[in-house]
Amino acid sequence: LSKLLAKNVKMREYPLMIKMRRFKIDKLIRDRFPEILSNSGIKVFERNLSQDEYIDSLKDKLVEEAQEICDADNKDDILEELADLFEVMTTFAKVQGFELQDIMRIAEEKKLNKGGFVFKTYVDFVEIESTHPNIKYYQASPAKYPEII
């Protein structure tokens, strides 16, 4: 190289090769997000889901947004995550053929019949006779309601 430079040989300039890195996203995202990412210089590899994939992805998204509410550590973040959960919930409801007023009606009925969550009631365990008709409910879900022996 020094010999070439001494002879004033012009070197070709090559642009620096920047290594592209890929990150797996593998989830349903908001409709405008691919455009936002693309406009920032990020290549987005997207596809449209089948209806069954869409429903499964919405269910996954409900869980993801609920977890993000649990992980949020300040009121602004909690509010933002609640808004995300609401968006996913209303979209899922529409896909199932429900409107927001349908959900609100059922929520009111449940609140009237079973109460809300205002009293901060937490059940540690229940004790039920082995002949009680509701015992089948608890026995049918041992992961959710493990029997204490």
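Structure: see above.
Keep in mind the model is a prediction, meaning the values are calculated, not measured.

Definitions and limits used
Residues numbered from 1 in each chain as written. Predicted model: local features only at pLDDT ≥ 70, side-chain atom pairs only at ≥ 80, totals over all residues. Heavy atoms only, no water. Helix = DSSP H or I, 4+ residues; strand = E, 2+ residues; numbered from the N terminus. Buried < 20%, exposed > 50% of the residue type's maximum accessible area, 1.4 Å probe, protein only. Contact = heavy atoms within 4.5 Å. Expected span 1.5 Å × (residues − 1). Patch = residues over 30% accessible without salt bridge, like charges linked within 9 Å, V, L, I, M, F, W, Y side chains within 5 Å. Areas by Shrake-Rupley, 256 points an atom, 1.4 Å probe, with all protein chains shown as cover. Salt bridge = Lys/Arg side-chain N within 4 Å of Asp/Glu carboxyl O.

Asker: Can you walk me through the overall build of the protein in this structure?
Answerer: What the protein contains, in helices and strands, is 6 helices and 0 strands. Written out in order from the N terminus, the α and β elements of the protein read α-α-α-α-α-α. Relative to its 149 residues, the protein shows a buried fraction of 10%. Put simply, 41% of the contacts in the protein that link residues at least 6 apart link residues at least 24 apart.

Asker: Quick question: what am I supposed to make of the side chain of Ser57 here?
Answerer: Secondary-structure assignment places Ser57 in helix α3 (residues 51–71). Residues within four places of Ser57 in sequence aside, it is in contact with Leu28 and Leu49.

Asker: Any chance you could explain helix α5 (residues 100–114) here in plain terms?
Answerer: Residues spaced three or four apart along an α-helix point in a common direction, a consequence of the helix completing one turn every 3.6 residues. Here α5 contains 15 residues, and its C-alpha end-to-end distance of 21 Å stays within 8% of the 21 Å for a straight helix at 1.5 Å per residue. Among the residues trailing α5, Gly115 stands out with phi positive, at a value near 95 degrees.

Asker: I tried to follow the environment of Glu87 on my own but got confused; where do I start?
Answerer: Take Glu87: it is sitting in helix α4 (residues 75–95). C-alpha of Glu87 to C-alpha of Arg30: the two residues are 57 residues apart in sequence and 9.6 Å apart in space.

Asker: Sorry if this is basic, but what is going on with a nonpolar patch on the surface here?
Answerer: A surface patch of nonpolar side chains, amounting to about 360 Å² of accessible area, comprises Phe86, Met89, Leu100 and Met104. Within the fold, Phe86 resides in helix α4. Of the residues examined, Phe86 reaches a relative accessible area of 41% and is grouped as partly exposed.

Asker: Hey, could you run me through unusual backbone geometry in this one?
Answerer: Peptide bonds are, in most cases, trans, and in most cases residues other than glycine have a negative phi. Phi is positive for Asp26, which is not a glycine, with a value near 50 degrees. Its place among the elements puts Asp26 in the loop between α1 (2–6) and α2 (33–39). Not every positive phi belongs to a glycine, and Lys120 is a case in point at roughly 60 degrees. With respect to the helices and strands, the residue Lys120 is situated in the loop between α5 and α6 (135–139).

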